[in-house]
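Coordinate inspection notes
So you can see what is in the structure, the chains are spelled out below.
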Amino acid sequence: MIEFGAVSIEWGTVLIQLVILFLPIALVIACCLFIVKRKAIKQKAIDELEKRVAALEQERKRPKS
């Protein structure tokens, strides 16, 4: 129990208030991390596709024997 003069708060109440305070903050951070990770995965796929296209273009430019 935390006492502030005439007002006292129990530990359970404090813990619940802290959870309610930090839960939205953690949710926002988790969403940001999810978006960044998803963009990185998409960028990696785009880079791989660009490498494949470049390889195919090089193969097409080579004279056939």
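These numbers come from a predicted model, not from an experiment. (Residues numbered from 1 in each chain as written. Predicted model: local features only at pLDDT ≥ 70, side-chain atom pairs only at ≥ 80, totals over all residues. Heavy atoms only, no water.)

Let's talk about the overall build of the protein chain
Secondary structure summary: the protein chain contains one helix and two strands in total. Secondary structure elements of the protein chain occur, N-terminal to C-terminal, as β-β-α. The C-alpha atoms of the protein chain give 28 Å as radius of gyration, which overshoots the globular expectation for 65 residues (11 Å, by more than 25%). Each of the three principal axes of the protein chain carries a C-alpha extent, and together these read 95 × 10 × 10 Å. Out of the 65 residues belonging to the protein chain, those deemed buried represent 2%. Of the roughly 6600 Å² of accessible surface on the protein chain, 68% is carried by carbon and sulfur atoms. In the protein chain, 11 side chains carry a positive charge and 7 a negative one; their mean positions are 15 Å apart. (Helix = DSSP H or I, 4+ residues; strand = E, 2+ residues; numbered from the N terminus. Rg over C-alpha atoms; globule rule 2.2 N^0.38 Å. Buried < 20%, exposed > 50% of the residue type's maximum accessible area, 1.4 Å probe, protein only. Areas by Shrake-Rupley, 256 points an atom, 1.4 Å probe, with all protein chains shown as cover. Lys, Arg positive; Asp, Glu negative; His and termini not counted. Charge placed at Lys NZ, Arg CZ, Asp CG, Glu CD.)

Focus on the environment of A40
Among the secondary structure elements, A40 is positioned in helix α1 (residues 11-61). On a C-alpha basis, the gap between A40 and E59 in space is 29 Å, while along the polypeptide they are 19 residues apart.

Regarding α1
Each turn of an α-helix holds 3.6 residues, which means side chains three or four residues apart point in the same direction. In a regular helix each residue adds 1.5 Å, so 51 residues correspond to 75 Å; α1 covers 73 Å between its end C-alpha atoms and thus fits that length. When the local axis directions of α1 are compared, the greatest deviation, roughly 25 degrees, occurs at F22, which is followed within four positions by the proline P24. (Expected span 1.5 Å × (residues − 1). Bend = angle between axes of the 7 residues up to and from the residue.)

Regarding a nonpolar patch on the surface
On the surface, L15, L18, L21, F22, I25, I29 and L33 cluster together into a nonpolar patch covering about 690 Å² of accessible area. In this structure, L33 sits in helix α1. Accessibility expressed as a relative area gives 58% for L33, which makes it exposed. (Patch = residues over 30% accessible without salt bridge, like charges linked within 9 Å, V, L, I, M, F, W, Y side chains within 5 Å. Salt bridge = Lys/Arg side-chain N within 4 Å of Asp/Glu carboxyl O.)

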